[in-house]
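Inside the fold
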Amino acid sequence: MKQKILFSSAAIAISVTLFTGAASAQVSVEPQEHGPAQQEFVHGAPQLPSLEWILAAGGRIYDNWWEALDRDPPEGTNPAYPASAQQEGEATWRCKECHGWDYLGAEGIYRQGSHFTGIPGIMGARGYPAETIFRTLRDANHPYTQEMITDDEMLRVATFVSQGLTDMRAFINMETRRVIPGSGDFERGRAIFQTTCAACHGFDGRAMDWGEDDEHNFVGTEAAELPDEVYNKIANAHPGAAMINTRAFSVQDRISLMNYIATLPVSIDD
Ligand code: HEC
Ligand code: HEC
């Protein structure tokens, strides 16, 4: 296994922006690589995993298995990826690329646009035994080798498919790709964000900025524009990052959190 340990101090960049008329400075810290002490938390597994941990770990593999598992990225385009579709290279090896962030495949957000493949979603597999789903994940549509994803790890993904999916149509308008206001408890979302997420992202979600150059990308920006992706991230955490996940909260709590974070500032001068 590749060991990729970077010391966080080397990767921190602090940019201070002063607003006209604002009383305080906005300090924005760029995303940082995790330190060696967090390596096991980010890429490893606990000795006695809880179901919640397994679901989150499976969800991170679904998002991006090589970032989640600290493997070399795959080379070339996935032979199972339809030749008629538009993506190429390593992206075509991510589960989400064929089945969507919303798990709805061609019936969800990826029913059109550059991510369209025509491949169905995986909601139909919900509730099936993980062992049954596991066999599907080793079929010809899924040419992952043991070096890429081991059986133990694939079983986590199968468990995630069996027990960890949420029907995002309950809170995302599939036409506009926006969070449906009132689909969750806004005040509950505020409480969770301020006590759980703000430690890293700040009270207004702008303490971390993963935009490039002049473009800023905050929690609010992502939640407003890519709620399906953000829901997957908050349920399971961002692969390879020392971020918490909300698996120990209820689905309704996560939907409440989405209702709140979709209202956070989307840009530097909000
Ligand atoms: C290159 C595209 C592609 C990628 C990447 C991909 N799949 Fe699939 N998957 C398919 C196709 C095609 C099918 C068969 C769909 C059908 O039955 O028509 C399928 C079927 C499934 C099914 C069965 C759905 C059902 O309702 O029976 C599950 C579950 C599944 N995939 C999960 C995953 C997971 C988890 C990953 C990542 C480890 C993944 N897939 C990666 C293309 C892909
Ligand atoms: C312990 C610190 C920490 C906590 C707590 C935390 N995060 Fe994160 N979060 C991170 C890091 C680190 C990243 C990765 C940034 C990067 O490198 O892209 C991240 C990334 C994200 C992203 C962006 C993912 C993407 O698409 O790139 C979102 C959205 C997010 N966090 C939301 C939340 C929410 C909502 C909560 C509360 C449930 C939360 N985070 C709690 C550290 C944290």
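This text follows the structure it describes.
Summarised in this report is the structure supplied together with it. (Residues numbered from 1 in each chain as written. Chains lettered and ligands numbered in written order. Predicted model: local features only at pLDDT ≥ 70, side-chain atom pairs only at ≥ 80, totals over all residues. Heavy atoms only, no water.)

Core analysis: the biggest nonpolar cluster contains 49 residues, and Trp65, Tyr103, Tyr144, Ile149, Phe193, Met258 and Ile261 have the highest contact counts within it. The dominant element in this core, judged by the number of residues it contributes, is helix α3 (residues 51-69), at 6 residues. Other than its neighbours up to four places away in sequence, Tyr103 contacts Tyr62, Gly121, Ile122, Met123, Phe160, Leu165, Thr166, Met168 and Asn232. (Core = buried A, V, L, I, M, F, W, Y, C linked by side-chain atoms within 4.5 Å. Buried < 20%, exposed > 50% of the residue type's maximum accessible area, 1.4 Å probe, protein only. Helix = DSSP H or I, 4+ residues; strand = E, 2+ residues; numbered from the N terminus. Contact = heavy atoms within 4.5 Å.)

What follows covers the coordination of the iron atom of ligand 1. Taken together, the protein ligands of the iron atom of ligand 1 are His99 (NE2) and His142 (NE2), with distances of 2.0 Å. Coordination at the iron atom of ligand 1 comes from 6 donor atoms whose angles at the metal span 89 to 180°, giving a geometry best classed as octahedral. Here the residue His99 occupies a position in helix α4 (residues 95-99), and His142 occupies one in the loop between α5 (130-136) and α6 (151-163), the gap between them amounting to 43 residues. We note that His99, like His142, is buried. (Donors = N, O, S within 2.8 Å, 3.2 Å for Na, K, Ca; no water. Tetrahedral: all angles 85-135°; square planar, octahedral: opposite > 155°, others 65-115°.)

Moving on to the pattern of salt bridges. In total, this model carries 11 salt bridges according to the counting rule given. With its nearest N and O atoms 3.0 Å apart, the salt bridge here joins Glu97 to Lys96. For the pair formed by Glu97 and Lys96, the shared burial category is buried. We note a salt bridge from Arg138 to Asp151, for which the minimum N-O separation is 3.0 Å. Highlighted residues: Arg138 in the loop between α5 and α6 and Asp151 in helix α6, separated in sequence by 13 residues. Through salt bridges with shared partners, a single ionic network connects Asp63, Arg94 and Lys233. (Salt bridge = Lys/Arg side-chain N within 4 Å of Asp/Glu carboxyl O.)

Moving on, we get to the site of ligand 2. Lining the immediate environment of ligand 2, one finds 20 residues, of which Cys197, Cys200, His201, Glu222 and Met243 sit closest. Separating a nitrogen atom of ligand 2 from a side-chain N or O atom of His201 is a distance of 2.8 Å. Taking Glu222, its side chain carries an N or O atom lying 2.7 Å from an oxygen atom of ligand 2. Elements with a minimum of two residues in the shell around ligand 2: α7 (186-201), α8 (219-225) and α9 (227-236). (Near = heavy atom within 4 Å. Polar contact = N/O pair within 3.5 Å; in protein donor to acceptor, adjacent residues only side chain to side chain.)

What follows concerns the coordination of the iron atom of ligand 2. At 2.0 to 2.3 Å from the iron atom of ligand 2 lie its protein donor atoms, namely His201 (NE2) and Met243 (SD). The site at the iron atom of ligand 2 holds 6 donor atoms, and with the angles between them running 82 to 179°, its shape is octahedral. Taken together, the residues His201 in helix α7 and Met243 in the loop between α9 and α10 (251-261) connect sequence positions 42 residues apart. Residue class for His201 comes out buried when judged on its relative accessible area of 11%. A residue is classified by how much of its surface remains accessible, and Met243, at 24% relative accessible area, is partly exposed.

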